[in-house]
Each structure stands twice: as structure tokens, then as C-alpha cells.
Amino acid sequence: MSPAAAEARRAALLDWFADRGRDLPWRRTRDPWAILVSELMLQQTQVPRVLPRFEAFLRRWPSPAACAAAPLADIVTAWAGLGYNRRAVNLHRCAQAVVDHHDGALPDDLAALLALPGIGPYTARAVLAFAFDRDDVGVLDTNAARVLARWEGRSLKPKEAQAAADAGVAPGAGWAWNQAMLDLGATRCRPRTPDCEDCPVRPWCAWGDAGRPSPDPSVGSAGVSGRQAAFEGSDRQGRGRLVDALRLGPVRAADVARVAGWPDDPERAGRVAASLVADGLAIADEVGTLRLPGTSRPHAS
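The rules behind each value
- Counting restarts for each chain: residues are numbered from 1 in the order of the written sequence.
- The predicted nature of this model means local features are confined to residues of pLDDT at least 70 and side-chain atom pairs, given and counted, to a pLDDT of 80 or more, with totals for whole chains, interfaces and linings taken over all residues.
- No hydrogens and no water enter the side-chain calculation; it runs on all heavy atoms of the structure.
- Salt bridge criterion: a side-chain nitrogen from Lys or Arg within 4 Å of a carboxyl oxygen from Asp or Glu.
- The helix count covers DSSP runs of H or I at least four residues long, the strand count covers runs of E at least two residues long, and both are numbered beginning at the N terminus.
- The cut-offs for exposure are 20% and 50% of the maximum accessible area for each residue type, with area from a 1.4 Å probe on protein chains only; residues under the lower value are buried, those over the upper are exposed, and the others partly exposed.
- As a rule, the C-alpha atoms of each element are fitted with a line to give its axis, helices using only the stretch in contact, and angles between N-to-C directions run from 0 to 180 degrees.
- Throughout, the term roughly parallel applies to angles under 35 degrees, roughly antiparallel to angles over 145, roughly perpendicular to angles from 65 to 115, and oblique to all others.
- Note on contacts: a residue pair is in contact if any heavy atoms of the two residues lie within 4.5 Å.
- Charged residues are defined narrowly, with Lys and Arg counted positive, Asp and Glu counted negative, and His plus the chain ends left uncounted.
- Residues adjacent in sequence count toward polar contacts only when both atoms are side-chain atoms; beyond that, a polar contact is any pair of N or O atoms within 3.5 Å, and within protein one must be able to donate a hydrogen and the other to accept it.
- Helix span is expected to be 1.5 Å times the residue number reduced by one.

Visitor: Which residues make up the pattern of salt bridges, and what values go with them?
Guide: Any two side chains of opposite charge can pair if their charged atoms end up close together. Scanning all chains against the criterion turns up 17 salt bridges. Between Arg-20 and Asp-198 there is a salt bridge, with the nearest N and O atoms lying 3.3 Å from each other. Here Arg-20 is found in helix H1 (residues 3-20), whereas its partner Asp-198 is found in the loop between helix H11 (174-187) and helix H12 (206-209), with 178 residues between them in sequence. The class of Arg-20 is partly exposed, set by a relative accessible area of 39%. Salt-bridge contacts for Arg-247 lead to Asp-244; the nearest nitrogen and oxygen are separated by 2.5 Å. Here Arg-247 and its partner Asp-244 are both found in helix H13 (residues 235-248), 3 residues apart, which amounts to about one turn of the helix. Judged by relative accessible area, which is 41%, Asp-244 ranks as partly exposed. Bridged by salt links that share partners, the residues Arg-20, Arg-188 and Asp-198 form one connected network.

Visitor: Any chance you could break down the packing of H1 against H11 for me, citing the residues and the numbers?
Guide: Following both chains from N to C, one finds H1 and H11 inclined at 80°, their axes separated by 9 Å at the closest point. By the angle between their directions, the pair H1 and H11 is classed as roughly perpendicular. Residues Arg-10, Leu-13, Leu-14, Trp-16 and Phe-17 of H1 form the contact with H11, whose participating residues are Trp-175, Ala-176, Trp-177, Gln-179, Ala-180, Met-181, Asp-183, Leu-184 and Thr-187.

Visitor: For the side chain of Arg-9, give the residues involved together with the corresponding values.
Guide: By the secondary structure assignment, Arg-9 is in helix H1. For the buried residue Arg-9, which engages in no salt bridge, the nearest side chain bearing the opposite charge is Glu-152, 5.3 Å off. Only 3.1 Å separates the side chain of Arg-9 from the backbone oxygen of Trp-204, close enough to count as a polar contact. Residues in contact with Arg-9, not counting those within four places in the same chain, are Met-1, Trp-151, Val-201 and Trp-204.

Visitor: Which residues make up unusual backbone geometry, and what values go with them?
Guide: The peptide bond linking Ser-214 to Pro-215 adopts the cis configuration, its omega dihedral lying at 5°. Here Pro-215 lies in the loop between H12 and H13. Non-glycine residue Gln-44 carries a positive phi angle of around 60°. Examined against the element boundaries, Gln-44 turns out to sit in the loop between helix H2 (32-42) and helix H3 (47-60). Of note, Asp-103 is a non-glycine position whose phi angle comes to about 55°, a positive value.

Visitor: Mind laying out helix H6 (residues 86-102), listing which residues take part and the relevant values?
Guide: Under the 1.5 Å per step criterion, the end-to-end length of H6 is 23 Å for 17 residues, consistent within 8% with the ideal 24 Å. Of the residues making up H6, those classed as buried are Arg-87, Ala-88, Val-89, Leu-91, His-92, Cys-94, Ala-95, Ala-97 and Val-98. After H6 finishes, the residue Asp-103 shows a positive phi value of roughly 55°.

Visitor: How would you sum up the environment of Ala-73? Please name residues and give values.
Guide: Mapping Ala-73 onto the fold places it in helix H5 (residues 72-78). Its relative accessible area of 3% is what places Ala-73 among the buried residues. Separated by 173 residues in sequence, Ala-73 and Leu-246 place their C-alpha atoms 9.1 Å apart. If we ignore the near neighbours within four places in the chain, the residues touching Ala-73 are Leu-292, Pro-293, Gly-294 and Thr-295.

Below you can see the structure in the form of C-alpha cells.
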């Protein structure tokens, strides 16, 4: 693509975002901690589920120091309904590391962010772009990755996708550009039903220009999520049931299989319970009773 065409595409997308961008609470702040909380909440969780939790969480724990000082059990309990409870553990560990190594303030350096617990390439770049308005990092989630593959008209390898995301950022507009890419993928360049007729950058999309031939270049392209395995009957469902129960109190070893939803498969339930302990979501005493970390051990009656 010529420099003039790239600039025209940037201008069209930024104009569209200025007029049609979603109004979301985490877009009204540049606080790095608030941005981090929103990004971890949004990982594999839809926006409507995050909206009521985001501001409530920040009211209780408005800074890394506040989160780090709280019992992990409180963080996990507040995470109820968001799914993927391990993210709550990661957030708590990250807050502790920020307090211990960065004086309680999230760093504005990519390598330093990546060194924090629970922060991967996407989240680190999101903090840089959305909190610090950096225009040298492209935020590559599944939506942006799908857009880039379709723009190129071919599937991209990991390094290609990140390089394209970084190179495409509009100079001086890192925040707006990356938000626009996420919105374009979420609301127009959708996985199975792309709305090409209402796409602001259709004239500069190789796949659209070719008539959207099969196969879709975004399928299998780096950063684009595939279809998720069924939740019903999965180990993830059993983990979720156990954590939900632990939010209410300890679970005895004899009750683990029933609570997990597999009363006739205690071996599977035990394996899933062990995975919660390994992930830091639960601790087990000498008789196998599970409880959330940071909760008091019940007294013997």
C-alpha cells in the first residue's frame, strides 16, 4: 500500500471512530491501574458483563497498593460472574509486584510491563496505548488481528501481525487509533457476519476488494481466536462451580465431586480441585478441605 493510501485509511478510520466509537467507562480515564483492571476483566469476557463490575471494583481498590493489601479471597469474590477466575489471582499478584518493584505505579516501559505477573504482550501494549497514549505500539487482540488479516488479504504469522499492528498506528494518535481498531473489529469486521457495506475503510481492504473470497484470511491468522471449546460439561465449568462455592465458604474433600458437578467421578473432581490449588485459587488443608487463599481457617467445633 502506498503512503498516501495508508494515510487515507488512517484518516477514514479515525473520523469514523470520532463519530461512532463506543462510549465505555475505561475510555474516560488514562489511569494505568484502571486500564489494567479493564483489560484483565475484558479478556474472553463480553463488554456487557464487565460494565457493572469495572467501576465497582475500582471503588474498592482504586490503586495497586489497595489491591495488593487486600486478601486474595476478597479479589476473587469480587470477580464473581466474570469467569476465568485465574485473572483475579494474576491481578492481585501484579498489584503486589507493582508495589514491591515500581513504588506502586505501573511502569510505562514494555519490557517492565511484560515482567509483571499475568501481563502478556496484548495487555502490556494496551496499557501503553490507552494509559500513556503511545503511538509506537499496536494493540493486537482478536478483533484487531482479524482486521489486519483481511486488510492484507492473507493470513499473517505472529511477527507479521504484530509488526503490521505497530506500523499501522496513526502518528500522534496511539490511543484513538488502537481503540478504533478494536471497535472496527468488534462492530463491523465481525468474524462470521462482517458488515462491509458500513465499513469506513472498505476501499483499502484487500479481502473486501477481491469480493471476500473463501477462505477468509483471518481464519487461522496470528492473534485471531478460534472457536472456543464447549463450556457445558468441561473442566472449566467444574472449576467455576468450585470457585463459586468457595466464595461462600470452605468445601470439604468429601463434597468436592458433588460441588464440581461430577458426583460419580471423584477422580476428575480431584484433578480439577488440584488445578485450582496449583493456580493459587484455592488452598487445601491436611484433610483436603478447600478454601480461598486469605480466608481464615474455620475453628474446630
